[in-house]
Amino acid sequence: MSVLEEVLEEEYDRSVRLIQHMQSEIDALPKGSIRVRLIGGREYYYLNYRVADKVKSDYIRASEVDDIREKIERRKKLKEALKEQERACRQIERALGRAPHVE
């Protein structure tokens with residue numbers, strides 16, 4: 001095995017581990033968006049998200065809204081980074097002449 005192949009193998013292994021780590025973090029973060037409803041002159045916050053074909057709404061305390069917003073934004077950024085990492089992993093697979101990695 002050449003030095004280049006060894007380096008590509010190491011980078012591929014690192015990339016696969018990073019993808020797995022990113023995916024587990026994404027799975028732990030909330031998905032959806034925050035909606036504000038005005039009921040009786042007061043604002044109430046809800047986390048709206050999809051489960052299969054249905055839209056679910058979970059009440060959020062006003063004190064938790066900023067934290068949930070940050071987590072939703074973190075999830076979006078991680079999903080973008082995950083796509084880029086998966087693209088890089090596919091490039092390494094092609095360079096090594098491997099079949100695509102499937103999880």
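Refer to the structure printed above.
Computed from a predicted structure; not experimentally measured. (Residues numbered from 1 in each chain as written. Predicted model: local features only at pLDDT ≥ 70, side-chain atom pairs only at ≥ 80, totals over all residues. Heavy atoms only, no water.)

## Topic: the overall build of the protein chain
Along the backbone of the protein chain there are 2 helices and 3 strands. Seen in sequence order, the protein chain has helices and strands lined up from the N terminus as α-β-β-β-α. In summary, the protein chain has a C-alpha radius of gyration of 20 Å against a globular reference of 13 Å for 103 residues, an excess of more than 25%. With the C-alpha coordinates aligned to their principal axes, the bounding extent of the protein chain is approximately 70 × 30 × 15 Å. Burial statistics for the protein chain: of 103 residues in total, 25% are counted as buried. Summing over all exposed atoms, the protein chain offers an accessible surface of approximately 7,800 Å²; the carbon and sulfur share of this is 49%. (Helix = DSSP H or I, 4+ residues; strand = E, 2+ residues; numbered from the N terminus. Rg over C-alpha atoms; globule rule 2.2 N^0.38 Å. Buried < 20%, exposed > 50% of the residue type's maximum accessible area, 1.4 Å probe, protein only. Areas by Shrake-Rupley, 256 points an atom, 1.4 Å probe, with all protein chains shown as cover.)

## With respect to a negative patch on the surface
A contiguous patch of negative charge on the surface is contributed by Glu5, Glu6, Glu10 and Asp13. A relative accessible area of 56% means that glutamate 10 is categorised as exposed. (Patch = residues over 30% accessible without salt bridge, like charges linked within 9 Å, V, L, I, M, F, W, Y side chains within 5 Å. Salt bridge = Lys/Arg side-chain N within 4 Å of Asp/Glu carboxyl O. Lys, Arg positive; Asp, Glu negative; His and termini not counted. Charge placed at Lys NZ, Arg CZ, Asp CG, Glu CD.)

## Some words on unusual backbone geometry
The backbone of alanine 52 shows a phi angle near 60 degrees, a positive value even though the residue is not glycine. Locating alanine 52 in the fold gives a position in the loop between β2 (42–51) and β3 (54–60).

## A closer look at the sheet that holds strand β1 (residues 33–39)
In spatial order, the strands read β1-β2-β3; together these 3 strands make up an open sheet with antiparallel pairing. Looking at the sheet topology across the chains shown, the edges are occupied by β1 and β3. Looking at each pair of strands side by side, their axes are set apart by 40 degrees on average, direction ignored. Two strands pair when backbone bridges link them, and β1 and β2 are joined in this way by 7 bridges, in the antiparallel orientation. Its bridge partner being in β2, isoleucine 34 is matched across the sheet by leucine 47. Helix-sheet contacts for helix α2 (residues 65–96) involve β1, β2 and β3, and the interaxial angle to β1 is about 150 degrees. (Pairing = 2+ DSSP bridges. Axes fitted to C-alpha atoms, helices over the stretch in contact; angles between N-to-C directions. Contact = heavy atoms within 4.5 Å.)

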